[in-house]
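Observations on the model geometry
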Amino acid sequence: MKILHISLKEQGKDYVSLRYFWDNPANYKEHKLSSSEIKQLSQRAETDYYTRLPVDYSVTGQALYNWLDKSDRLLANALNQPRQQGLVIAIATDKGLAHLPWELLHDGKSFLVEKMPAIIPVRWMSNGQPIVTADNPQNRPLNVLFMATSPLEVEPELDYESEEGKILESTKRTPVNLRVEESGCLTELSYVVREYETGFFDVFHLTGHATHKDKKPCFLTEDEYGNRVDSSTDAIAEAMMYRLPALIFLSGCRTGYSSNGAVPSMAEELLSMGATAVVGWGERVRDTDATVAAGQLYWELSQGGTLAQALSSTYRTLAKENIPDWHKLRLYVANTLPGALVTPLRTPRRKQLPKLSNEVEFRDDEKRLRMATRENFVGRRRQLQNCLRTLKTDFDKVGVLIHGMGGWGKSSIASRLWDRLPEHEKILWWRQIDESYLIKKLKDKLISPTQLELIPYLENSNISFKARLSYLFSQLRERGEKPFLLILDDFEWNLEPRQGQYILKSEVASILEALIQAIEETGTNNRIVITCRYDFDYDLLEFFYKQGLEPLKDAELIKKLSRLKHFSSDKLSDKLLKRTLDLADGNPRLLEFLDEVLGCVDSETKLTQLEQSPELWKYKIIWEELYQLIDEPLQQILWHCLVYELPVPMEALEAVCDELPNYQQQLQRGLKLGLIEVSSDLQEENRVYRVSRILSHIIPNIKLPLAPKVYSLYQKAHEKLHQLWGNKENISEEKWHEIFRLKFANKKNPLCFRQGFDQMLAVQDNSEADKAFEGELRKVADDLVEDGLCTQLENYLQQKQWQKADEETAWIFYQVMVKENYDDWDDLLKNFPCETLRKINRLWLINSNNKFGISIQAEIYRSLGSPSDDDYEWDVFCERVGWKQNSWLSYYELMEKFEKNNVQNKDVMLTSSIILPMLIYTHIPHLGIDYVFLFTDSFVIGYHFLDGQENWFSYFAQRLVECNI
C-alpha cells in the first residue's frame with residue numbers, strides 16, 4: 001500500500017514548510033506557508049466543524065482538500081497514481097494538524113474514504129521517518145481482548161455488552177477468539193492479561209464513556225463495585241502490563257480528539273507509550289453507532305483484510321447506513337501501519353479457534369458441585385458488583401442471598417465471588433447443613449498452632465453453638481487471621497413449604513440463626529453467601545442483601561451461544577434456532593442441554609419431543625414439589641403478567657392483575673418462588689420484572705387466553721406502560737416497541753393504529769419512538785384499512801381543522817409506506833402512488849380555496865429553479881412556504897403561530913404565511929438525514945442534509961411532475 005506522508009517543518013519564526021514525500025523523507029516537495037495560515041485553518045475547523053451547527057461536511061472536506069492540493073495539484077496527482085492496494089495519506093500530528101477533520105477530505109465528487117481502492121487519512125506521530133507497513137499476518141483466527149465499561153450513575157447508561165454482541169454476530173462466519181473481561185475494572189483486566197503470553201492478542205478493544213479531566217484525557221472505567229473511576233492513559237497501559245497489541249480500539253467519545261496540539265489525545269498518549277496503531281473517536285458518538293463501526297471493522301479484520309481496508313469498509317458502511325458521525329472515526333499510527341493481522345479463513349494450515357471448553361470447576365471437597373470456569377462465565381456484571389459491594393462495604397449486612405429459578409447460574413456467581421474475595425478463607429457447603437458437619441468444616445480450616453488451640457472450645461457441646469462461633473470469630477480476628485466466607489449452595493434443600501411459600505426446616509433455623517448472630521454481635525468480617533431457588537420467609541434475612549436473577553438476553557445471550565458448539569454453527573437453520581431459543585428462554589442450563597440436542601442427527605424431531613413433553617426436562621428447572629405451591633390464584637397472576645414480553649416495573653404487573661384477589665400478595669409469592677424474574681438494579685424502584693416463559697411450556701394453565709378475550713388485558717397493559725414510558729425521556733427503542741406492540745394487539749380495531757400514531761407524534765423529536773412505531777406498524781400492515789383512506793382527512797379539511805388535517809395527511813403517508821412496503825420515507829416520496837397523491841392534494845386545494853396544498857409548495861419551488869439545500873434560493877423557498885420566519889422554527893412552533901392566527905382571524909388563509917401540509921416533511925430524520933435540532937421539542941422542517949444525498953424536496957417535486965400535479 002502506498003503511503004503519502006505530509007508534515008510541517010518550522011522555517012524560522014513566522015513560516016512553516018508543508019512537505020510531501022512517499023518513502024524517502026529526503027525526496028520531498030514542499031510549500032512555504034505562514035504560521036498564521038495554520039492557525040486560521042484550525043480556527044475554521046472550530047467554527048465550521050466542531051460546532052453544533054456544522055457547515056456542510058463536503059464543503060469542509062473540499063476546503064481541506066484544496067489546502068493540501070495547492071496550485072500544483074500535489075494531492076490530485078497522488079490520487080491519480082496507480083494504487084491497486086489503496087492509498088494512505090499520513091498527516092503528521094504535530095503543529096495542530098491532528099485537530100483537523102481529515103476524514104472529510106473531498107475532491108469535489110465524493111469523500112476520499114468512499115473511493116475504491118481505499119484512500120484512508122491517518123494521523124501520523126512522526127519522528128521524521130516514513131511509515132512502514134507490517135505484513136506478517138498470523139495464520140490463525142483474530143485474538144481480541146475486549147472490555148466494556150459503564151459505571152453506575154453515569155448518564156447515559158450504555159448498553160455495555162451490545163458492542164461485544166455485535167462483534168460476535170458480525171464475525172460468526174469467520175469467528176474471532178474474543179476474550180472478554182466482564183467487570184469493566186482495570187484491576188481485573190490486569191489479571192486476564194497475565195493469563196496470556198506477550199503478543200497473544202492482536203487487538204485490545206475498550207468501549208465506554210471517555211472524557212477530559214484536568215485537561216487530560218481519561219476513560220470512565222469501573223471499580224469492583226461498578227462505581228466510576230477516571231482512568232488515565234497510564235492506568236490503561238499499566239493494566240495491560242505495557243503489552244500493547246498491534247491495534248488498540250478506544251471506542252469512547254473524543255479518545256481521538258486533540259485540541260490544537262495543546263493536549264494530546266488518548267490515542268497519541270498510547271502511541272507514545274509504545275502502541276503501534278490506535279483507533280478512536282474524534283468527537284462525541286452514540287454507542288449504537290460505535291457498535292455498528294466495531295462490527296464492520298472486526299468483520300474485515302477477521303477475514304484477513306488489512307487495517308486500512310477494514311477502516312475503509314467501516315467508513316463506507318457507516319455512510320451507507322446513514323450514520324451521521326461516520327467521519328469521527330480516526331486512526332493514529334506511529335512508525336508502523338499494521339497490515340493484515342491474520343490470514344483469510346481458508347488459508348492452508350490455518351489454526352482453528354480453540355475448541356470450546358467443557359472445563360468446569362469444583363468448589364466442594366467432594367467435587368460434586370460443578371461451576372462454570374472464569375473463562376466460560378458470561379455476564380452478570382451488575383449482580384456481582386451488587387454482591388461485592390455488600391460483602392465488602394455494607395457492615396449492616398452479614399451476607400447475600402442469590403435467588404432465582406434453577407439453571408440461572410446462582411452457583412457460578414458464588415464461584416466468581418469466591419475468586420473476588422481473596423482476603424477470606426472459603427468454606428463451601430452444599431445442600432442441607434447440620435451443626436456437626438459445619439464444625440468439621442471449620443476445624444479443617446484451623447491448621448496453624450495458634451488456630452488449633454481454638455478447636456476444643458469449638459467442639460464443646462456444653463456451650464451454645466452461637467457462643468462457640470462468636471468466640472471463634474473474635475479470636476481469629478484478634479490473631480490477624482482471615483475471616484470466613486461461608487457459601488451455602490443449593491440452600492433450597494434446607495427449606496420446606498408452608499402456606500404457599502418456603503420456610504426454613506426447624507433443624508436448620510437454629511444453625512443459621514447462630515451464624516448470623518455470631519457475625520452480627522462480634523462485628524467481624526465473616527460473611528455468608530446463600531444460593532437458593534427461592535426467597536424464603538425468615539426474619540433474619542433482613543441482614544442479607546437479596547440479589548434476584550433473570551435469564552440471559554441480548555448481548556449476554558449472544559455471548560453464551562457463541563460458547564456453545566451447536567448453537568454457534570452456521571449450519572443451524574434460523575427456524576430451528578428460534579424454536580430452541582424460545583424453549584430455553586435464556587436459561588443457561590437449558591441452553592447447554594439443548595445444545596447437546598442440536599448436535600443430534602435427528603435434532604428437529606428431538607426438539608419437537610421436548611416441546612410436547614416438558615416432563616423430559618422440566619426437572620432441571622423446577623422441583624416437583626413446587627407445582628403444589630403454584631395454585632390457581634398464582635397461576636392467574638402469572639398468565640396475566642405474560643401479556644408483557646419485556647421486563648416492566650412492578651406497578652405495570654400490578655395494573656394487569658388488579659382485578660384479581662390478593663394480587664399484590666400473589667405477585668410477591670411469584671417473586672419468592674423464583675417464577676418472576678427481577679433485574680439487577682441496585683435500587684428497588686428501578687427494578688423491572690418479567691414472568692418466565694418457561695412456565696407456559698410446563699404448566700398448561702399459564703397461558704394467555706385467546707382473542708378476543710385477551711384484548712382488554714392488552715389495552716390495560718398498554719395504558720399503564722404508556723403512562724410509565726410514553727414520554728420524551730424514554731430513548732429506548734425496545735421500550736417503545738413494547739408500547740406499540742401492546743397497542744396494536746387488537747388488530748380488529750383500526751382506531752388503535754391511528755391512536756398509536758398520535759402517541760408517536762406527541763414525542764416527535766424521539767427517533768426511537770418513530771422507528772418503533774414504524775416497525776410495529778409494518779407487522780400489522782395487512783390489517784390497515786384500505787377503503788376510505790382519505791375520508792377523515794376530508795372531514796378535517798371541511799371543518800377547517802388544519803392541524804388535525806396536517807397530521808392526518810402524515811398518517812396517510814405512513815399507511816401507504818407500510819401497505820406498499822416502501823423501504824423508508826425516502827423510498828415513499830420517490831414512488832408515492834399518483835392517484836392517492838392527487839387526491840390528497842385536491843382535497844387540500846378545494847377546501848382552502850387553492851391556498852394550501854402540495855402542488856402550491858412545488859410550484860413555488862420550481863419557480864425558484866428547484867434549489868438544493870445549500871443554495872440561497874432554498875432559504876427563499878422555505879421563507880415563501882413559511883417554514884422559516886427570520887429564523888428556523890420547529891414544527892410545533894410554526895403550528896402554534898398558525899393556530900393562534902386562526903383564532904384571531906375568521907379566515908386564516910388570508911393572513912397565514914404558512915402553506916400546509918407540513919408534517920410530512922418532518923419525518924425525514926428517520927432516513928438518517930442529518931437534521932439540526934434547534935429546539936428540543938421537535939424537528940426543524942427541512943434544514944440541513946448530509947452531503948451526497950439528493951435534496952429530498954427535489955425528488956418529491958419530481959414525483960409530483962410524474963403524477964401531473
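Relevant structure appears above.
**Let's talk about the overall build of the protein chain**
Along the protein chain, the regular secondary structure elements total 38 helices and 29 strands. Here the C-alpha radius of gyration of the protein chain, 33 Å, is about what a compact globule of 965 residues would show, namely 30 Å. In the protein chain, which comprises 965 residues, the share counted as buried stands at 58%. Of the roughly 40900 Å² of accessible surface on the protein chain, 46% is carried by carbon and sulfur atoms.

**Digging into the pattern of salt bridges**
Evaluated as defined, the whole model comprises 51 salt bridges. Among the salt bridges present, the one from E103 reaches R330, with a minimum N-O distance of 3.8 Å. Separated by 227 residues along the polypeptide, E103 in the loop between strand 4 (87-92) and strand 5 (119-124) and R330 in strand 15 (residues 329-333) bring together distant segments of the chain. Taking the relative accessible area as the measure of exposure, R330 reaches 0% and is therefore buried. Between K720 and E651 there is a salt bridge; the shortest N-O distance is 3.6 Å. Here E651 lies in helix 23 (residues 650-657) and K720 lies in helix 26 (residues 711-725), a separation of 69 residues in the sequence.

**Focus: the sheet that holds strand 21 (residues 484-489)**
Sheet strands pair by backbone hydrogen bonding; their relative direction is either parallel or antiparallel. Ordered by their spatial adjacency, five strands build an open sheet running 20-21-24-19-25, and the pairing between neighbours is parallel. Strand pairing shows two members of the sheet lacking a second neighbour, strand 20 (425-430) and strand 25 (544-548), which therefore form its edges. Between one strand and the next, the sheet's axes are offset by a mean angle of 15 degrees, whatever the strand orientation. The pairing of strand 19 (residues 399-403) with strand 25 spans five bridges and is classified as parallel. Across the sheet, G399 pairs through a bridge with F544, a residue of strand 25. Strand contacts of helix 11 (residues 410-420): strand 19, strand 20, strand 21 and strand 24 (527-532), with the helix running at about 160 degrees to strand 24, the strand carrying the most contacts.

**Considerations on the sheet that holds strand 3 (residues 29-34)**
Overall, mixed pairing links the eleven strands, which are arranged 3-2-1-4-5-15-14-13-9-7-8 in an open sheet. Unpaired on one side and paired on the other, strand 3 and strand 8 (177-181) mark the two borders of the sheet. Recorded for the sheet is a direction-independent mean angle of 20 degrees between the axes of neighbouring strands. Note that strand 4 and strand 5 share six bridges and pair parallel. Bridging from a neighbouring strand, A92 pairs with W124 of strand 5. Here helix 2 (residues 57-69) sits on the sheet and contacts strand 1 (2-10), strand 2 (15-21), strand 3 and strand 4; the angle it forms with strand 2, its principal contact strand, is near 90 degrees.

**Topic: the environment of L329**
In this fold, L329 is placed in strand 15. The spatial distance from the C-alpha of L329 to the C-alpha of S251 is 9.2 Å, given a sequence separation of 78 residues. In this structure, L329 is in contact with E103, F249, V279, G280, W281, L311, T314 and Y315, ignoring residues within four places of it in sequence.

**Side note on the environment of K95**
Looking at the element boundaries, K95 is found in the loop between strand 4 and strand 5. For K95 and E10, which are 85 residues apart along the polypeptide, the C-alpha to C-alpha distance reads 9.1 Å. Excluding its chain neighbours within four sequence positions, the residues that come into contact with K95 are L8, E10 and I38. Only 3.3 Å separates the side chain of K95 from the side chain of D94, close enough to count as a polar contact.

**Quick look at the packing of helix 12 (residues 435-445) against helix 15 (residues 465-478)**
To describe two helices that pack against each other, one gives the angle between their axes and the distance between the axes. The N-to-C vectors of helix 12 and helix 15 enclose an angle of 10 degrees; their axes lie 13 Å apart at closest approach. It follows that helix 12 is roughly parallel to helix 15 by the angle criterion. Between helix 12 and helix 15, the residues in contact are E435, L438, I439 and L442 and F465, R468, L469 and L472, respectively. Along the lines of polarity and charge, the residues of the contact of helix 12 with helix 15 split into six nonpolar, no polar and two charged.

**Things to note about the state of the cysteines**
Within the structure shown, the criterion is met by one disulfide. Here C387 is not cross-linked by a disulfide; its sulfur's nearest cysteine counterpart is in C532, at 14 Å. Residue C387 is classed as buried on the basis of its relative accessible area, which comes to 0%. C657 takes part in no disulfide bond, and the closest cysteine sulfur, belonging to C641, lies 3.7 Å away.

**Concerning the packing of aromatic side chains**
If you walk through the whole model with that rule in mind, you get 37 aromatic pairs. Ring centres 4.2 Å apart and planes at 40 degrees place the aromatic pair Y457 and Y471 in the tilted group. One end of the pair, Y457, is in helix 14 (residues 455-459); the other, Y471, is in helix 15, with 14 residues separating them in the sequence. Judged by its relative accessible area of 33%, Y471 falls in the partly exposed class. Seen from their ring centres, F813 and F956 are 6.4 Å apart, and the 75 degrees between their planes marks the pair as edge-to-face. Here F813, found in helix 31 (residues 802-819), pairs with F956, found in helix 38 (residues 952-962); they are 143 residues apart in sequence, far enough to count as distant. By the burial criterion, F813 is buried, and F956 matches it. Of note, R254 hangs over the ring of Y257, and the distance from its end group to the ring centre comes to 4.0 Å.

**Comments concerning unusual backbone geometry**
Along the chain, A707 connects to P708 via a cis peptide bond; the corresponding omega equals 5 degrees. Mapping P708 onto the fold places it in the loop between helix 25 (694-698) and helix 26. Of the consecutive residues L916 and P917, the connecting peptide bond is found in the cis state with omega at 0 degrees. Considering the arrangement of structural elements, one finds P917 in the loop between helix 37 (908-911) and helix 38. Here the phi dihedral of N964 falls at roughly 60 degrees; this positive angle occurs in a residue that is not glycine. By the secondary structure assignment, N964 is in the segment after helix 38. Residue class for N964 comes out exposed when judged on its relative accessible area of 71%.

**Topic: helix 29 (residues 767-779)**
For helix 29, built from 13 residues, the straight-helix expectation of 18 Å at 1.5 Å per residue is met to within 8% by its first-to-last C-alpha distance of 19 Å. Looking at helix 29, one finds that the buried residues are E768, A769, D770, A772, F773, E774, E776 and L777. Taken together, the buried residues of helix 29 touch helix 27 (733-743), helix 28 (751-761) and helix 31. The distance from a side-chain oxygen at the start of helix 29 to the backbone nitrogen of E768 is 3.1 Å, and the residue carrying that oxygen is N766.

**A short note on the side chain of R123**
Within the secondary structure layout, R123 lies in strand 5. At 2.5 Å, the side chain of R123 and the backbone oxygen of L100 are in polar contact. Apart from the residues within four sequence positions on either side, R123 is in contact with I91, T93, A98, L100, P101, W102, E103, R330, L331, Y332 and V333.

**Here we look at a negative patch on the surface**
A cluster of acidic residues, E153, E155, E157, D159, D554 and E734, forms a negative patch at the surface. Here E155 lies in the loop between strand 7 (143-148) and helix 4 (162-170).

**Description of the nonpolar core**
Counting 199 residues, the largest nonpolar core has L417, F491, F536, Y644, L777 and F813 as its most contacted members. With ten residues, helix 31 is the single largest residue contributor to this core. A92, A148, L178 and Y298 belong to the second largest nonpolar core, which has 83 residues in total.

**Some points on helix 20 (residues 603-612)**
If you check which residues of helix 20 are buried, you get S603, L607 and L610. Viewed end-on, helix 20 has its buried residues packed into an arc of 60 degrees, placing them on one side of the element. Among the exposed residues of helix 20, those pointing more than 90 degrees away from its buried face are T605 and Q612. Buried residues belonging to helix 20 abut helix 18 (574-584) and helix 19 (588-598).

**Examining the pairing of strand 11 (residues 216-222)**
Burial runs high along strand 11: six of the seven residues are buried. Here strand 10 (residues 210-213) pairs with strand 11 via four bridges, running antiparallel. Looking at strand 11, one finds that A210 is bridged to F219. Once strand 10 ends, the chain turns through two residues before running back antiparallel as strand 11, passing D214 with a positive phi of about 55 degrees. Where strand 11 meets strand 12 (residues 228-231), four bridges bridge the pair, whose relative direction is antiparallel. Residue pairing in the sheet places L220 in a bridge with D230 of strand 12.

Rules and cut-offs
- Residues numbered from 1 in each chain as written.
- Predicted model: local features only at pLDDT ≥ 70, side-chain atom pairs only at ≥ 80, totals over all residues.
- Heavy atoms only, no water.
- Helix = DSSP H or I, 4+ residues; strand = E, 2+ residues; numbered from the N terminus.
- Rg over C-alpha atoms; globule rule 2.2 N^0.38 Å.
- Buried < 20%, exposed > 50% of the residue type's maximum accessible area, 1.4 Å probe, protein only.
- Areas by Shrake-Rupley, 256 points an atom, 1.4 Å probe, with all protein chains shown as cover.
- Salt bridge = Lys/Arg side-chain N within 4 Å of Asp/Glu carboxyl O.
- Pairing = 2+ DSSP bridges.
- Axes fitted to C-alpha atoms, helices over the stretch in contact; angles between N-to-C directions.
- Contact = heavy atoms within 4.5 Å.
- Polar contact = N/O pair within 3.5 Å; in protein donor to acceptor, adjacent residues only side chain to side chain.
- Parallel < 35°, antiparallel > 145°, perpendicular 65-115°, else oblique.
- Nonpolar A, V, L, I, M, F, W, Y, C, P; charged D, E, K, R; others polar.
- Disulfide = S-S within 2.5 Å.
- Phe/Tyr/Trp six-rings, centres within 6.5 Å; stacked < 30°, edge-to-face > 60°.
- Lys NZ or Arg CZ within 6 Å of the ring centre and 35° of its normal.
- Expected span 1.5 Å × (residues − 1).
- Patch = residues over 30% accessible without salt bridge, like charges linked within 9 Å, V, L, I, M, F, W, Y side chains within 5 Å.
- Lys, Arg positive; Asp, Glu negative; His and termini not counted.
- Charge placed at Lys NZ, Arg CZ, Asp CG, Glu CD.
- Core = buried A, V, L, I, M, F, W, Y, C linked by side-chain atoms within 4.5 Å.
- Arc of directions from axis to C-beta.

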